[in-house]
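Coordinate analysis (summary)
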Amino acid sequence: DRQSEGNLLAVLGGLYAMQGAFDRARELVSRARSLLQELGLELDTARVGIEAWRTEMLAGRLDAAEEELRRSYDALEARGEKYTLSTIAGLLGRTIVERDGPLEEALEMCDRSRELASDGDIATQALWRSVRGRILARTGALVEAEGLLREALAILEPTDAPVLRSEAYVDL
């Protein structure tokens, strides 16, 4: 199944990025994107941006990471897709905060993530809280920031998502 192959190549790229093999990660993500585009799977192609983002973030290339998310954000928004868009918006807010970008823009993305996230989307529910918590901490609202960050951790606590939980702990 070529669709499954494309999606798995993207995830495999993200895993290589976690090992620091950034060139290999980029190669796999690029292959995934090409395959899914060839199949005309626009939403799957846009979702590849998450693994491309992960690769560039781990490589310390924040601008490239942001570009990947913006491309996916625009593609998903143009098609009216909301489920993945909520996650992309949250990650975009996180990236803007990471690169010391405008907090207003990060907050806008955080709000978009919160607005679109379904109640059952635990990862995105925790993500927007973590991003908003970091924004609040930057503005000096430390008590409110800590409360949101602890909410994010509580949401993730019962999951088997160690990467998401570790990111939330780092945010706290």
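Counting restarts for each chain: residues are numbered from 1 in the order of the written sequence. The predicted nature of this model means local features are confined to residues of pLDDT at least 70 and side-chain atom pairs, given and counted, to a pLDDT of 80 or more, with totals for whole chains, interfaces and linings taken over all residues. Working from all heavy atoms in the structure, the side-chain values ignore hydrogens and water.

1. Brief notes about the overall build of the protein
Spelled out, the test is: Strands here are runs of E lasting at least two residues and helices are runs of H or I lasting at least four, both read from the DSSP assignment and numbered beginning at the N terminus. Here the radius of gyration uses the C-alpha set of atoms, whereas the globule reference equals 2.2 Å times the residue count to the power 0.38. For every residue, the accessible area obtained with a 1.4 Å probe (protein chains only) is divided by the maximum for its type, and the residue is called buried under 20%, exposed over 50%, and partly exposed between those limits. Contact between two residues is taken to exist if any of their heavy atoms lie within 4.5 Å; hydrogens are not considered. For the area figures, the Shrake-Rupley method with a 1.4 Å probe applies, and any residue is considered shielded solely by the protein chains shown. Note that His is not counted, nor are the chain ends; the positive residues are Lys and Arg, and the negative ones are Asp and Glu. The atoms used to mark charge sites are NZ of Lys, CZ of Arg, CG of Asp and CD of Glu.
Looking only at helices and strands, one finds nine helices and zero strands in the protein. Of the regular secondary structure in the protein, the N- to C-terminal order runs α-α-α-α-α-α-α-α-α. Relative to its length of 172 residues, the protein is compact, with a C-alpha radius of gyration of 16 Å against a globular reference of 16 Å. The dimensions of the protein, computed from C-alpha atoms along their principal axes, are 50 × 35 × 35 Å. Split into buried and exposed, the 172 residues of the protein put 47% on the buried side. Across the protein, every contact between residues at least 6 apart in sequence was considered, and the portion connecting residues at least 24 apart equals 53%. Accessible surface, the protein as shown: approximately 8600 Å² in total, 51% of it carbon and sulfur. Across the protein, the 22 positively charged side chains and the 32 negatively charged ones have centroids separated by 1 Å.

2. Observations concerning the pattern of salt bridges
Where we set the bar: The salt bridge definition used is simple: a Lys or Arg side-chain nitrogen within 4 Å of an Asp or Glu carboxyl oxygen.
As enumerated under the stated definition, the model contains 23 salt bridges in all. Across the pair R2 and E38 runs a salt bridge whose closest N-O atoms are separated by 2.5 Å. With R2 in helix α1 (residues 2-18) and E38 in helix α2 (residues 22-38), the pair connects residues that are 36 residues apart, well separated along the chain. Residue R2 is classed as partly exposed on the basis of its relative accessible area of 40%. Judged by its relative accessible area of 57%, E38 falls in the exposed class.

3. A closer look at the confidence of the model for the protein
Note the cut-off: As a per-residue measure, pLDDT tells how confident the predictor is, with possible values from 0 to 100.
For the protein, per-residue confidence averages 96 on the pLDDT scale, and 100% of positions sit at 70 or higher. Within the protein, the lowest mean pLDDT, 92, falls on helix α9 (residues 162-171), and the highest, 98, falls on α2.

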